[in-house]
Amino acid sequence: RGAASSATVQASWLVAGVGMLTSPLVVWVLGLVLLFWALGAYNRLTRLKTRIGNTFVLLAQQLQARDSVVERLSAVCLVHDSTHARAHEALQAAVAQARVAREAVRAQPHDSEAVLALAAAQRVVAVSVQRLTALSETNAALHADENFHQLCDDLNTTAGAVSLARQAYNSAVAQYNRGVGQFPALVLAKLFGLQRGAELPATEPTLLRRTAPVPLE
């Protein structure tokens, strides 16, 4: 009986010892799983965030090319019609402001306020181009200038390229926002201060047409 009692006590101590070893092991395993999940989720959000920056670089290049065409177009229009100098000055100022806003987003492509400021600046450029177009509709000398027509074609081409690049950028932003907004990655986003990005709305100006002006009576 004494031997049996001793064996029972030893077995109890053995079970207790295994339990003490098992509990910390489970905690460590769960901790490692959580750590690897957190690293994986954070790396994924980082990749998505980096993609936003990369796609904006391409968008910025297209915006720069389009603004260059707009400036040259404005200069040609001014040569043939100096009576609308204020409209040309307004367009030049709008392009300059859009350039500043573009560089701000290039430096911080995930800053929603900077993106919205760029959108506002691009809208001003679009309105200025449309105004310039309207003022130039009846200028026969301007429409006889082949350089003017070539710049119109260039503006059409660059506006299309801007649209495609903008779609790629907005797609990257939307994918990042989905990643940031989904649980459990949402917890990491709040922990590290990851904010949702802002998409850039379409602001391409109305395309210029190769039309001859209607003579005024």
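Only a predicted model underlies this, so the values are computations on that prediction, with no experimental measurement involved.

A count of helices and strands for the protein gives six helices and zero strands. Beginning at the N terminus, the succession of helices and strands in the protein can be written as α-α-α-α-α-α. Roughly 12,800 Å² of accessible area belongs to the protein as shown, and the carbon and sulfur atoms make up 64% of that amount.

Now for the packing of helix 2 (residues 85-107) against helix 3 (residues 112-136). Across the interface, helix 2 lies against helix 3 with an axial gap of 8 Å and an inter-helix angle of 160°. Viewed along their axes, helix 2 and helix 3 adopt a mutual orientation that is roughly antiparallel. Where helix 2 crosses over helix 3, the two elements pack in a sense that is left-handed. Across the contact of helix 2 with helix 3, the residue classes tally to 18 nonpolar, four polar and two charged.

In this section: helix 2. For helix 2, spanning 23 residues, the distance from its first C-alpha to its last is 33 Å, which sits close to the expected 33 Å at 1.5 Å a residue. Listed in full, the buried residues belonging to helix 2 are Ala-87, His-88, Leu-91, Ala-94, Val-95, Ala-98, Ala-101, Arg-102 and Val-105.

Formed by 40 residues in total, the largest nonpolar core has its most connected members in Phe-56, Leu-59, Leu-118, Phe-148, Tyr-169 and Leu-200. If you list the elements that add at least two residues to this core, you get helix 1 (2-80), helix 2, helix 3 and helix 5 (146-181). Tallying contributions element by element places helix 1 first for this core, with twelve residues.

On to the environment of Ala-120. Positionally, Ala-120 belongs in helix 3. What makes Ala-120 partly exposed here is its relative accessible area of 31%. C-alpha separation for the pair Ala-120 and Ala-98, spaced 22 residues apart in sequence, amounts to 8.5 Å.

It is worth spelling out the side chain of Gln-122 at this point. By the secondary structure assignment, Gln-122 is in helix 3. The residues contacting Gln-122, other than those within four sequence positions of it, are Leu-63, Arg-66, Asp-67, Ala-98 and Thr-203.

Our next topic: the pattern of salt bridges. Using the criterion set out here, one finds four salt bridges in the structure. In this structure, the salt-bridge partner of Arg-66 is Asp-67, at a minimum N-O distance of 3.6 Å. The buried category is assigned to Arg-66, whose relative accessible area is 0%. Of the charged contacts, one joins Arg-102 and Asp-67 as a salt bridge, the two residues approaching to 3.0 Å between their closest N and O atoms. Here Arg-102, found in helix 2, pairs with Asp-67, found in helix 1; they are 35 residues apart in sequence, far enough to count as distant. A single salt-bridge network, built from bridges that share partners, covers Arg-66, Asp-67 and Arg-102.

Interpreting fine coordinate detail is not advised for predicted regions of low pLDDT. On average, residues of the protein carry a pLDDT of 78, and 68% of them reach 70 or more. Across the protein, element-level confidence peaks in helix 2 with a mean pLDDT of 93 and bottoms out in helix 6 (residues 185-191) with 64. Note on residues 207-217: pLDDT is under 50 here. Beyond four places in sequence and across chains, it has 23 contacts.

Before going further, it helps to spend a moment on the environment of Gln-150. Looking at where Gln-150 falls in the secondary structure, it is placed in helix 5. Residues Gln-150 and Leu-73, 77 residues apart in the sequence, show an inter-C-alpha distance of 9.4 Å.

Here the focus is the side chain of Thr-55. Here Thr-55 shows up in helix 1. Side-chain polar atoms of Thr-55 contact the backbone oxygen of Ile-52, separated by 2.9 Å. Excluding its chain neighbours within four sequence positions, the residues that come into contact with Thr-55 are Ala-168, Tyr-169 and Ala-172.

With respect to the secondary-structure elements, Ala-161 resides in helix 5. In sequence terms Ala-161 and Leu-63 are 98 residues apart; their C-alpha atoms lie 8.7 Å from each other.

About the cut-offs
Numbering of residues begins from 1 in every chain and follows the order in which that chain's sequence is written. Local features are withheld for residues below a pLDDT of 70 in this predicted model, meaning they are given only at 70 or higher, and side-chain atom pairs are given and counted only at 80 or more; totals for whole chains, interfaces and linings count all residues. Derived side-chain values reflect all non-hydrogen atoms in the structure, with water molecules and hydrogen atoms excluded from consideration. Helix and strand definitions follow DSSP, with helices as H or I runs of at least four residues and strands as E runs of at least two, each counted in order from the N terminus. Calculation of accessible area relied on Shrake-Rupley with a 1.4 Å probe; when residues are assessed, cover is drawn exclusively from the protein chains displayed. Axis definition: a line fitted to C-alpha atoms, limited for helices to the stretch in contact. Angles are taken between N-to-C directions and run from 0 to 180 degrees. Between 65 and 115 degrees an angle is taken as roughly perpendicular, under 35 as roughly parallel, over 145 as roughly antiparallel, and anywhere else as oblique. Here is the rule for handedness: rotate from the far helix to the near one, and if that takes an anticlockwise turn smaller than a right angle the crossing is left-handed, while a clockwise turn gives right-handed. We call Asp, Glu, Lys and Arg charged. Ala, Val, Leu, Ile, Met, Phe, Trp, Tyr, Cys and Pro are nonpolar, and the rest, Gly among them, are polar. Expected helix span is computed as 1.5 Å times (number of residues minus one). Summary of the burial criterion: residues with accessible area below 20% of their type's maximum are buried, those above 50% are exposed, and those between are partly exposed, where the area comes from a 1.4 Å probe applied to protein chains only. Only buried Ala, Val, Leu, Ile, Met, Phe, Trp, Tyr and Cys residues count toward a nonpolar core, and they belong to the same one when joined by side-chain atoms within 4.5 Å. In what follows, residue pairs with any heavy atoms lying within 4.5 Å of each other are defined as contacts. Salt bridges are defined as contacts in which a side-chain nitrogen from Lys or Arg sits within 4 Å of a carboxyl oxygen from Asp or Glu. What pLDDT conveys is the predictor's confidence in a given residue, as a value from 0 to 100. Pairs of N or O atoms are called polar contacts if they sit within 3.5 Å, as long as, within protein, a hydrogen donor faces a hydrogen acceptor (for residues adjacent in sequence, only side-chain-to-side-chain pairs).

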